[in-house]
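# Structure assessment
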Amino acid sequence: MTKLEIIIRPDKLEKLKEILNEISIGGMTVTSVMGCGNQKGSVDYDTIKGLKVSGMNLIPKIMVMVVVADKDVDDILVAVHSEISTGKVGDGKVFVSRIDDCMRIRTGERGKKSI
């Protein structure tokens, strides 16, 4: 099992849901987050709506966490890149982590059956 933490622009959430649904991902956890990357949240101009922009700025993002079968990881990564990418700074990131085990609390099922 593999955990994907997919951080994207808020307007790309519906497209990501379509991608995950097409690959038959059973569930996901969606969180509204704020953050910045290497550019520290900077934009091409010095003011936003009359406010001076300086230092590190936190930009609103959406983080989607899914646990998937190992065989689905590459398909998801390719689809996310081709469908979500705008080619501009701030498109987001996908963090990939190995999951050793999982348990469904209601039934006690473990492993693949629990996801």
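That block above? That's the structure.
These notes cover the structure that comes with them. (Residues numbered from 1 in each chain as written. Predicted model: local features only at pLDDT ≥ 70, side-chain atom pairs only at ≥ 80, totals over all residues. Heavy atoms only, no water.)

What follows concerns a nonpolar patch on the surface. A contiguous nonpolar surface patch, about 340 Å² in accessible area, is contributed by M34, M56 and L58. When you line up the elements, M56 lands in the loop between β4 (51–52) and β5 (59–68). Judged by relative accessible area, which is 53%, M56 ranks as exposed. (Patch = residues over 30% accessible without salt bridge, like charges linked within 9 Å, V, L, I, M, F, W, Y side chains within 5 Å. Areas by Shrake-Rupley, 256 points an atom, 1.4 Å probe, with all protein chains shown as cover. Salt bridge = Lys/Arg side-chain N within 4 Å of Asp/Glu carboxyl O. Helix = DSSP H or I, 4+ residues; strand = E, 2+ residues; numbered from the N terminus. Buried < 20%, exposed > 50% of the residue type's maximum accessible area, 1.4 Å probe, protein only.)

The next point concerns the packing of helix α1 (residues 13–22) against helix α2 (residues 73–84). When two helices pack together, their arrangement is given by the angle between the helix axes and the distance between those axes. Interhelical geometry of α1 versus α2 gives an angle of 150° and a closest axis separation of 10 Å. Judged by the angle between their axes, α1 and α2 are roughly antiparallel. Regarding α1 and α2, the two cross each other, and that crossing is right-handed. The segment α1 lies against α2, with K15, L16, I19 and L20 engaging I76, A79, V80, E83 and I84. The residue inventory of the contact of α1 with α2, partitioned by class, reads 7 nonpolar, no polar and 2 charged. (Axes fitted to C-alpha atoms, helices over the stretch in contact; angles between N-to-C directions. Parallel < 35°, antiparallel > 145°, perpendicular 65-115°, else oblique. Left-handed = near helix turned anticlockwise from the far one by under 90°. Contact = heavy atoms within 4.5 Å. Nonpolar A, V, L, I, M, F, W, Y, C, P; charged D, E, K, R; others polar.)

The strand order across the open sheet formed by 4 strands is β2-β5-β1-β6, and the pairing between neighbours is antiparallel. Two strands in the sheet have a free side with no partner beyond their single neighbour: β2 (29–35) and β6 (92–98). Within this sheet the neighbouring strands show an average axis-to-axis angle of 20°, counted without direction. Of the pairings in the sheet, the one linking strand β1 (residues 2–8) to β5 comprises 7 bridges and is antiparallel in character. (Pairing = 2+ DSSP bridges.)

Take the side chain of S114 next. Take S114: it is sitting in the segment after β6. Of note is the side chain of S114, whose polar atom sits 3.3 Å from the backbone oxygen of C102. Every residue in contact with S114, bar those within four places of it in the chain, is listed here: C102, M103, R104 and E109. (Polar contact = N/O pair within 3.5 Å; in protein donor to acceptor, adjacent residues only side chain to side chain.)

Structurally, D100 is set in the segment after β6. Residue D100 is classed as exposed on the basis of its relative accessible area, which comes to 72%. For the pair D100 and T2, spaced 98 residues apart in the sequence, the C-alpha separation amounts to 8.5 Å.

On to the pattern of salt bridges. Summed over all chains, the structure comprises 8 salt bridges. Of the charged contacts in the structure, one is a salt bridge between D91 and R9, with a shortest N-O distance of 3.0 Å. Placement of D91 in the loop between α2 and β6 and of R9 in the loop between β1 and α1 is noted, with a sequence separation of 82 residues between them. The exposure class of D91 is buried, given its relative accessible area of 15%. The exposure class of R9 is partly exposed, given its relative accessible area of 21%. Salt-bridge contacts for K15 lead to E83; the nearest nitrogen and oxygen are separated by 3.4 Å. Taken together, the positions of K15 in helix α1 and E83 in helix α2 put the pair 68 residues apart, joining distant regions of the chain.

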